[in-house]
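# Understanding the architecture of this molecule
Below, each chain spelled out in residue letters.
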Amino acid sequence: MRILPALQYALTGVQASRALYAKEDRMDPFLLEVGRKMDSYRGREEIMRVMDELEYLFDALEGEEQDACSQFISVLQKRLEQSG
C-alpha cells in the first residue's frame, strides 16, 4: 500500500507539467518568442520594433496574455530609456 501515495504524487507532477505545456501551447507564439528573446533586445531600433508589434497585438489579447504583453512593454520601455 505504500506505493499508492508515491504513484499518486508522481501522477500529480505529470499532470501539472502537462497543464503548463498545454498553457504554453495556447499562448500567442509572438509573446513566447519575445519572452525567450527578452534579454537579447538591446538596440534602440530593435526595441522600438518589438514594442510596436506588442502594442499592436495588445488589444487582440485577453487575460494573462495581455498582462504578459504589458509587462514586456514596460521592460522594453525602461530599457529604451536607459539606452538614451
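Residues numbered from 1 in each chain as written. Predicted model: local features only at pLDDT ≥ 70, side-chain atom pairs only at ≥ 80, totals over all residues. Heavy atoms only, no water.

### Things to note about helix H4 (residues 63–83)
- With 21 residues, H4 should cover 30 Å at 1.5 Å per step; its first-to-last C-alpha distance of 31 Å lies within 8% of that length.
- Residues Glu65, Ala68, Cys69, Phe72, Ile73, Leu76, Arg79 and Leu80 constitute the buried set of H4. With its buried residues spanning 140° around the axis, H4 presents them on a single face. Summarising the geometry of H4, the exposed residues directed more than 90 degrees from the buried face are Gln71, Lys78, Glu81 and Gln82.
- Within two residues after H4, Gly84 carries a phi angle of roughly 105°, on the positive side. (Helix = DSSP H or I, 4+ residues; strand = E, 2+ residues; numbered from the N terminus. Expected span 1.5 Å × (residues − 1). Buried < 20%, exposed > 50% of the residue type's maximum accessible area, 1.4 Å probe, protein only. Arc of directions from axis to C-beta.)

### Thoughts on the pattern of salt bridges
- Applying the stated rule across the entire model yields two salt bridges.
- For Arg49, the salt bridge is made with Glu53, and the minimal N-O distance between the two is 3.2 Å. One end of the pair is Arg49 and the other is Glu53, both in helix H3 (residues 44–58) and four residues apart, which spans about a single turn.
- Residue classification places Arg49 among the partly exposed residues on the basis of a relative accessible area of 42%. (Salt bridge = Lys/Arg side-chain N within 4 Å of Asp/Glu carboxyl O.)

### Re the confidence of the model for the protein chain
- Per-residue confidence for the protein chain gives a mean pLDDT of 77, with 70% of residues at or over 70.
- The lowest-confidence element of the protein chain is helix H1 (residues 3–26), averaging 45 in pLDDT; the highest-confidence one is H3, averaging 95.
- Contacts for the low-pLDDT stretch residues 1–22, under 50 throughout, to residues beyond four places or in other chains number zero contacts. (pLDDT = per-residue confidence, 0-100. Contact = heavy atoms within 4.5 Å.)

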